[in-house]
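# Results of the structural survey
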Number of protein chains: 2
Amino acid sequence: MKVYLDNHSATKLDPEVLDEMLPFFSEHYGNAQSIHDLGVKAKDAVEKSRFKVAQLINCGPEEIIFTSCGSESNNLAIKGVALAYKEKGKHIITSAIEHFSVLNSLEHLKKFFGFEYTVLPVDKYGVVNIDEFKNALRDDTVLVSIQLANSEIGTIQPIKKLVSIVKEFNTQKKERQIKTLFHTDAVAACGIIPADVKELDVDLFSLSASQLHGPKGIAALYVRKGVRIIPQIDGGIQEGGRRAGTENVVCIVGMGKAAEITKQKLNENYNKMLLLRDKLIQEVPKRVKYVYLNGHPVERLPNNVNFSFEFIEGESILLLLNQKGIYVSSGSACVSKTLKLSHVLKSIGVDPAVGQGSIVFTLSRYTTQQEVDYVLDQITPIIERLRSISPLYDYFLKTGQRMLTTSDKSYDVHEEEQN
Amino acid sequence: MKVYLDNHSATKLDPEVLDEMLPFFSEHYGNAQSIHDLGVKAKDAVEKSRFKVAQLINCGPEEIIFTSCGSESNNLAIKGVALAYKEKGKHIITSAIEHFSVLNSLEHLKKFFGFEYTVLPVDKYGVVNIDEFKNALRDDTVLVSIQLANSEIGTIQPIKKLVSIVKEFNTQKKERQIKTLFHTDAVAACGIIPADVKELDVDLFSLSASQLHGPKGIAALYVRKGVRIIPQIDGGIQEGGRRAGTENVVCIVGMGKAAEITKQKLNENYNKMLLLRDKLIQEVPKRVKYVYLNGHPVERLPNNVNFSFEFIEGESILLLLNQKGIYVSSGSACVSKTLKLSHVLKSIGVDPAVGQGSIVFTLSRYTTQQEVDYVLDQITPIIERLRSISPLYDYFLKTGQRMLTTSDKSYDVHEEEQN
């Protein structure tokens, strides 16, 4: 049996989406900027897809910019706004558990443009503290970038509340030359939970086709009408002059279809995943001792389960699960090749010795009851086997004491990411 | 009959390439950074493709960075090098007929980082003057960006000669803190003419899957080992930390296969296209009067034909050809929706009244003798029909004089491109 539970990292393409895409490879292969029939066909398809993506998040099609990936959307949102409004202020607020495309974009702005940014800590569940958020807002704060939900621990942030605080802050001081804008990285959330940009009242919103079972290589950024951004890929007039480069027509068509399908069955899939998620969350600790759930118990993505299994290493668990045809992640998609504790687990205060044994199970709308049962059957012997050869567990059994082995190295975005 | 001669704007996907891509949509859909079997499969496929792309241009696989489009490759090359070496110098040299992704990247660097750039004029064939190039080199010149060939008029630049001048310049002054680097935008050339980065001796080289009959949404940048670049999409560790974002595995696989096929038949396809190109170049003026070839007569891409048909407008020709199933372009892919004279034609000194009637025919390896004959049959009545209703032509017939109607608006990158 093959059980794919690494759906934040990548998803299976919906067969209906592929059917929609195929004619654009070999038949309707024109450039969307060409004015002959093949170009018109491509342009129409792009605009229909833009409309469908806009419908998914409840915005106008002209507020959607297609990009090549969630990371590009986050880069464009943050750098694009920062450069457009840099004369008005150079301070940005973010949280400690953002994706590296957010954190490293901020580092870029700091290094090359002298921006300052405040990284808000999160509580043990990964939630931003409202009072600390209020205190972080400054007269020169041009942007807030806080994710809608975390891909690794599943925690959903109180974005509506945070936005309302920003809106209030914006009206308090009439003499301020600037309105603080709000960006949310919804790459992990959009398509999994209802996400309506009007209701959230955000100014910028990143989403990716991946969580919609669309193709890789395509994503989008919502930019509220009236918000200026400086393009990060300069060139032609595509995407309203905000993102140059020949339109990736095939993948845009795929993202449109994926958005349409996702919207139709969002609630149904939500409920289905929630049941299976909760089964994993409830059943694993019944079968295995010394296991801890990371992330919020309730305000959590319906497809995310993150457990720390004490005394053993996540990568070993991952590899033994892999032998049984179960595919999971031991950290966020971008840092899974390092054995260091992820910045997310570190930020929620997980003990490094415990956090090293963390596994992320990310479900999808294709995940079945049978698959979850299979995982539950396989996980116990694997954890037992690894603990049987673990010196940490042996020490614990003999002494009743925990022997910490992991030094708590200080976190550095660039050290970890850009070598 | 359908005849697609707009192959710079977009190309038909090679069916063999599609076959190679398909399993990665629905079967091998893992994230290339995941360490389970599906991730390993994806990673292997990405690295095999990187090797194939490297083989096409004769570099090491570690010197290839995958990007989402040719425009992104050009942005990354120019901004990436400029930011990496900005403490050493802030001057860049380019030519007047570069793609907008080059020219507008330079504008970005000027506006946001205080760079200066010199735009070299070109001669009537579109060729950069060697002496002017020599004179433009300054002690603070960090980069030269000159295209290998022009997509609109087909002219091939003497890159090897220009590079040798830079190398000589780099050795002249021992006290200089910097070596001027050389980037060539080879998006229009690579896959059409032999292009070997070792032989050209360039430091950076942009190429796109499009000219290889690969998928849209994928391109690459060659960066010579040892050359530093600052990432333009920040985030994870993908592409050696130089371009973040989940790898677009399917399209990377497609680009690899497309590179492999292209390399195998490059000479054969070159000769085939050359014959058909020359047939168009020779036959059209035999059938239609007052027609002028734009671009270099010899140092020219084998797939490019650019004619100006006097007294009429390119867009009208394009639309009538379209009615006959012939798909062409009336300008560069990015500006085809404007009736203004393209910056390329303007730079080679084409009279605006003549240049407005310009059509670009871009052939591909799929173009046949029958298709070219069909175009030759159709073009004469179309040109005659349009001239029969042209007041300019009427005036010319009656007076023997040319009546200029087009004002020569000064060229502005941002006015034209970024509204």
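Chains are numbered independently. Their residues run from 1 in the order of the written sequence. Chain labels run from A onward and ligand labels from 1 onward, assigned in the order the entries are written. The predicted nature of this model means local features are confined to residues of pLDDT at least 70 and side-chain atom pairs, given and counted, to a pLDDT of 80 or more, with totals for whole chains, interfaces and linings taken over all residues. Hydrogens and water molecules were not included; the side-chain quantities draw on all heavy atoms of the structure.

## Some thoughts on the domain arrangement of chain A
Residue and element names in this part refer to chain A. These domain boundaries are the output of an automatic or database domain assignment. As far as domains go, chain A holds domain 1 (15–262) and domain 2 (266–418). Counting from both sides, the interface comprises 34 residues of domain 1 and, opposite them, 35 residues of domain 2. The quantity reported as buried area is the accessible area (1.4 Å probe) lost by two parts once they are put together, taken as the sum for both. Carbon and sulfur atoms make up 62% of the surface buried where domain 1 meets domain 2, a total of about 2,800 Å² over both sides. Its largest share of buried area at the contact with domain 2, domain 1 owes to Phe 100, Glu 152 and Ile 153, together 28% of the area lost on that side. Criterion for a salt bridge: a side-chain nitrogen of Lys or Arg within 4 Å of a carboxyl oxygen of Asp or Glu. The interface formed by domain 1 and domain 2 contains zero salt bridges. Counted as a polar contact is a pair of N or O atoms within 3.5 Å, where, for protein atoms, one must be capable of donating a hydrogen and the other of accepting one, and residues adjacent in sequence contribute only when both atoms are in side chains. Summed over the shared surface of domain 1 and domain 2, the number is twelve residue pairs in polar contact (both at pLDDT 80 or more). Elements with a minimum of two residues in the side of domain 1 that touches domain 2: α5 (100–113) and α10 (249–264). To qualify as a helix, a DSSP run of H or I must reach at least 4 residues; to qualify as a strand, a run of E must reach at least 2; elements of each kind are numbered from the N terminus. At four residues, α5 tops the list of elements feeding residues into the side of domain 1 that touches domain 2. For this classification, Asp, Glu, Lys and Arg are treated as charged, while Ala, Val, Leu, Ile, Met, Phe, Trp, Tyr, Cys and Pro are nonpolar and the rest, including Gly, are polar. For the side of domain 1 that touches domain 2, the per-class residue count stands at 18 nonpolar, eleven polar and five charged. Residue contacts are counted whenever heavy atoms from the two residues lie within 4.5 Å of one another.

## What to know about the pattern of salt bridges
Residues and elements named next belong to chain A. Using the criterion set out here, one finds 44 salt bridges over all chains in the structure. Glu 260 serves as the salt-bridge partner of Lys 257, at 3.0 Å between the closest nitrogen and oxygen. Taken together, the residues Lys 257 and Glu 260, both in helix α10 and three residues apart, mark about one turn of the helix. A relative accessible area of 14% places Lys 257 in the buried class. Here the term buried applies to any residue with accessible area under 20% of the maximum for its type, exposed to any over 50%, and partly exposed to those in between, with areas from a 1.4 Å probe on protein chains only. Residue classification places Glu 260 among the partly exposed positions, given a relative accessible area of 27%. Residues participating in the shared-partner salt-bridge network are Glu 20, Lys 52, Lys 257 and Glu 260.

## Some thoughts on the interface of chain B and chain A
At the junction of the two partners, chain B supplies 73 residues and chain A supplies 72 residues. A combined buried area of about 6,100 Å² lies between chain B and chain A, and 59% of that area is made up of carbon and sulfur atoms. On inspection of chain B and its partner chain A, the count reaches two salt bridges. For the salt bridge of B:Lys79 with A:Asp234, the shortest nitrogen-to-oxygen distance reads 2.7 Å. At the surface where chain B touches chain A, the tally comes to 24 residue pairs in polar contact (both at pLDDT 80 or more). Elements that contribute at least two residues to the side of chain B that touches chain A include exactly α1 (15–21), α2 (23–26), α3 (37–57), α4 (70–84), α5 (100–113), α9 (238–241), α12 (314–323) and α17 (413–417) of chain B. A total of seven residues in the side of chain B that touches chain A trace back to one element, the largest contributor, which is α5(B). Counted by class, the side of chain B that touches chain A contains 29 nonpolar, 29 polar and 15 charged residues.

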